[in-house]
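If you want the building blocks of each chain, they are given just below.
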Amino acid sequence: MPRLTIATVAAEHPMGAQVYEAEIAHRADAALAAVDGEGWQARRLTVRSFRAATPGNRRLPMGWVTTTSPAARRELGRLLYAGDTVSHRTNLELPPSPRADVVTLHDVVAWKFPDESAPVAAARDELRRAAAVICVSHFSAAEAVELLGIEAPHVVHNGVDSRFFDPSSAHPEVLHRLGVDGAYVLVTGGASARKNLEGLAVAWQEVSRARPDLTLVLSGPEHPRRTALFADVPSARLVGRVNGSLLPSLVAGSSALVVPSHYEGFGLPALEGMAAGVPVVAARTSSLPEVVGDGGLLVDPTPRGLSGGILVAVSGESEVLAMARRGRRRAEAFTWEESARRHAEVWSAVARSCA
């Protein structure tokens, strides 16, 4: 029986990449059965460091793994993936498999942005040698070709959790406990420089003057940059990480969802907002036009562009409501089932080519 291993790294603060890992691993068996017909055994390895308290089923000295020689990483891969027909790494920190090595490359931010985690020294060469590289957008694939020299990466879009389609809005009592009363605009995700929270903070000053009834709600892991930027911004609420079961309702209750980023490999929050049927304002940069299409308002990632886009999105005008309806229809095409099926096609092709 052929065996697939999906190898991931445990994360203290799960974000979009961890959503992807869980969704694809959960559907791997069914997707392989539908695509290949041959019985496969799929397993998930969740690697954590020796000292980490995060959930996982393998422990490795991750500091050593990411800095050791390419030869040592290959030898570790022989042990970690022994018995695999195909090994799929979703994190570049993990060592490569000696054969049938499939890698997910969400983006190239490690090579482009100094405030992100530095790239694993061996990653570029390992990606070039991989049996297949999967990118989550055409934009990311083009970046991988241009910057890293990867040949013919496979493009497989992310999906969106079905819970984001038509959820109930968050109850006012729940919002009150978060410090939110009345209408609000929502931003979710991280706080690295590429997320452009600086531009949003300036933009919100203008929005708040025009619409003092609105609250800006920022959800994401605590980060000193976010805290400092919005400490004195009027009507801004930092609500921290929101429980996964609450997030769809928080999205659905927003007057608009904003993705102001300079750079995204995919942009899952935009898709979640579109699925929930709320107006989405997204920067006209990187992968976001590819994901949003005509289902959201694409703007320049400048304070003026963001503030203007937000004010249009919350206007309630018929054109905005029609845009939100288009966004919901567009989001229906991004399913995790289709994403898993496309992954299974890659796994099956790699298995045949490496046989």
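About the criteria used
Residues numbered from 1 in each chain as written. Predicted model: local features only at pLDDT ≥ 70, side-chain atom pairs only at ≥ 80, totals over all residues. Heavy atoms only, no water. Core = buried A, V, L, I, M, F, W, Y, C linked by side-chain atoms within 4.5 Å. Buried < 20%, exposed > 50% of the residue type's maximum accessible area, 1.4 Å probe, protein only. Helix = DSSP H or I, 4+ residues; strand = E, 2+ residues; numbered from the N terminus. Contact = heavy atoms within 4.5 Å. UniProt positions renumbered as here; feature names shortened; annotations may be inferred. Phe/Tyr/Trp six-rings, centres within 6.5 Å; stacked < 30°, edge-to-face > 60°. Salt bridge = Lys/Arg side-chain N within 4 Å of Asp/Glu carboxyl O. Axes fitted to C-alpha atoms, helices over the stretch in contact; angles between N-to-C directions. Left-handed = near helix turned anticlockwise from the far one by under 90°. Nonpolar A, V, L, I, M, F, W, Y, C, P; charged D, E, K, R; others polar. Polar contact = N/O pair within 3.5 Å; in protein donor to acceptor, adjacent residues only side chain to side chain.

1. Regarding the nonpolar core
(1) Moving on: Formed by 34 residues in total, the largest nonpolar core has its most connected members in Y184, L186, V251, F266 and L271.
(2) Moving on: Those elements that place two or more of their residues in this core are β8 (184–188), α10 (247–252), β11 (256–259), α11 (268–275), β12 (280–283) and α12 (288–292).
(3) Moving on: At five residues, α11 tops the list of elements feeding residues into this core.
(4) Moving on: When sequence neighbours within four positions are dropped, the list of residues in contact with F266 reads V136, H157, N158, L271, S287, L288, V291 and F334.
(5) Moving on: Judged by nonpolar contacts, the second largest core, of 23 residues, contains L197, L200, V207 and V299.

2. Some words on the side chain of S254
(1) Moving on: Here S254 is to be found in the loop between α10 and β11.
(2) Moving on: Ignoring any residue separated from it by four or fewer positions in sequence, one finds S254 in contact with Y184, L186 and V278.

3. Here's the deal with the UniProt feature "domain: Glycosyltransferase subfamily 4-like N-terminal" (unreviewed entry) in the protein
(1) Moving on: The UniProt record marks residues 102–162 with the feature "domain: Glycosyltransferase subfamily 4-like N-terminal" (unreviewed entry), using the residue numbering of this structure.
(2) Moving on: For residues 102–162, the end-to-end C-alpha separation is 27 Å, with 36% helix and 16% strand making up the annotated structure.

4. What about the packing of aromatic side chains?
(1) Moving on: Applying the stated criterion across every chain, the model contains four aromatic pairs.
(2) Moving on: Centre to centre, the rings of Y20 and W336 are 6.4 Å apart; their planes meet at 50°, and the pair counts as tilted. Placement of Y20 in helix α1 (residues 16–36) and of W336 in helix α15 (residues 336–353) is noted, with a sequence separation of 316 residues between them.
(3) Moving on: On the basis of relative accessible area, Y20 is assigned to the buried category, the value being 1%.
(4) Moving on: You can call W336 buried: its relative accessible area is 2%.
(5) Moving on: Each residue in the set F113, F139 and Y263 is aromatic and connected to the rest through ring pairs, giving one cluster.

5. Some points on the pattern of salt bridges
(1) Moving on: This model, assessed by the stated rule, comprises 26 salt bridges.
(2) Moving on: A salt bridge links E143 to K112, with the nearest nitrogen and oxygen atoms 3.0 Å apart. Separated by 31 residues along the polypeptide, E143 in helix α6 (residues 138–148) and K112 in helix α4 (residues 109–112) bring together distant segments of the chain.
(3) Moving on: You can call E143 buried: its relative accessible area is 12%.
(4) Moving on: We classify K112 as partly exposed; its relative accessible area is 40%.
(5) Moving on: Between D166 and R328 there is a salt bridge whose closest N-O contact spans 2.6 Å. With D166 in the loop between β7 (154–155) and α7 (172–177) and R328 in helix α14 (residues 318–331), the pair connects residues that are 162 residues apart, well separated along the chain.
(6) Moving on: Relative accessible area serves as the criterion here: at 54%, D166 is assigned to the exposed category.
(7) Moving on: Residue classification places R328 among the partly exposed residues on the basis of a relative accessible area of 21%.

6. Side note on the packing of α1 against α15
(1) Moving on: Interhelical geometry of α1 versus α15 gives an angle of 65° and a closest axis separation of 7 Å. Relative to α15, α1 is oriented so that their crossing is right-handed. Of α15, the residues touching α1 (which contributes V19, Y20, E23, I24, R27, A28, A31, L32, V35 and D36) are W336, E337, S339, A340, R341, H343, A344, E345, W347 and S348.
(2) Moving on: Within the contact of α1 with α15, the residues separate by chemical class into eleven nonpolar, three polar and six charged.

7. Quick notes on the environment of D101
(1) Moving on: Considering the arrangement of structural elements, one finds D101 in strand β5 (residues 101–105).
(2) Moving on: Assessed through its relative accessible area of 5%, D101 is described here as buried.
(3) Moving on: Taking the C-alpha atoms as reference points, D101 and H88, 13 residues apart in sequence, are found 6.1 Å from one another.
(4) Moving on: What D101 contacts, discounting residues up to four positions off in sequence, is S87, R89, P96, A130, A131 and A132.
(5) Moving on: For D101, the side chain forms a polar contact with the main-chain nitrogen of S97, separated by 3.3 Å.

8. Digging into unusual backbone geometry
(1) Moving on: Phi at A152 takes a positive value of approximately 50°, unusual for a residue other than glycine.
(2) Moving on: The exposure class of A152 is exposed, given its relative accessible area of 65%.
(3) Moving on: You will see that D166, though not glycine, has its phi angle at about 55°, which is positive.

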